[in-house]
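# Reading the structure
These are the residues of each chain, in order.
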Amino acid sequence: MTVTIGCGRSLNETTMKEKVELRPAYVWDCPDCGREIFHRGLVPEMTPEKEEELRDDFGVQPYEEGNFIMMPTRVKCPHCNESFPTLHFGDEDV
Ligand SMILES: [Zn+2]
């Protein structure tokens, strides 16, 4: 159960700890330094009609839930400062 407090924040009723909002993210391994890097995915705002259109375009089934997220076309490693173009998971480099 959740207890809502000021500013829309909420606490778990049992632990009284503040809940954190999980956001979709991409993860990649830097080819230069080998570190695992997390990158926020952008969740675009859209009308229900546009979302339905995208669900049709991508063949999303009615029982499937979730958000459409936009992947970055380039990412930059915060450790070695190198940037790289991106490739979607499962796609082949052409
Ligand atoms: Zn790196």
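Since the model is a prediction, treat every value here as computed from it, not as a measurement.

## Focus on the overall build of the protein
Along its length, the protein carries 1 helix and 6 strands. Mapped from its N terminus to its C terminus, the protein presents α and β elements in the order β-β-β-β-α-β-β. Dimensions along the principal axes, computed over C-alpha positions, put the protein at roughly 50 × 40 × 20 Å. Taken across its 94 residues, the protein has 0% of its residues classed as buried. Residue pairs at least 24 apart in sequence account for 38% of intrachain contacts in the protein once pairs closer than 6 positions are excluded.

## With respect to the pairing of strand 4 (residues 36–40)
Within a regular strand, the side chains alternate between the two sheet faces. Judged by how many residues are buried, strand 4 sits mostly at the surface: 0 of 5 residues are covered. The pairing of strand 3 (residues 25–29) with strand 4 spans 5 bridges and is antiparallel. From the neighbouring strand, Ala-25 faces strand 4, where its bridge partner is Arg-40. Where strand 3 folds back on strand 4, the antiparallel hairpin that results is connected by 6 residues, among which Gly-34 adopts a positive phi of roughly 80°.

## Some points on the confidence of the model for the protein
Low-pLDDT stretches of the model should not have their predicted coordinates read in fine detail. Looking at the protein, pLDDT values average 87 and 91% of them are 70 or higher. Within the protein, no element has a lower average pLDDT than strand 1 (residues 2–4), which sits at 65, and none a higher one than strand 6 (residues 83–85), at 96.

## Here's the deal with unusual backbone geometry
Positioned with a positive phi, Asn-81 is a non-glycine residue whose angle comes to about 65°. By the element assignment, Asn-81 lies in the loop between strand 5 (74–76) and strand 6.

## Considerations on helix 1 (residues 48–58)
Burial runs low along helix 1: only 0 of the 11 residues are buried. Gly-59, located one to two residues past helix 1, shows a positive phi value of around 70°.

Cut-offs and rules
- Residues numbered from 1 in each chain as written.
- Predicted model: local features only at pLDDT ≥ 70, side-chain atom pairs only at ≥ 80, totals over all residues.
- Helix = DSSP H or I, 4+ residues; strand = E, 2+ residues; numbered from the N terminus.
- Buried ≥ 20, exposed ≤ 12 C-beta atoms within 10 Å, placed from the backbone.
- Contact = placed C-beta atoms within 7 Å.
- Pairing = 2+ DSSP bridges.
- pLDDT = per-residue confidence, 0-100.

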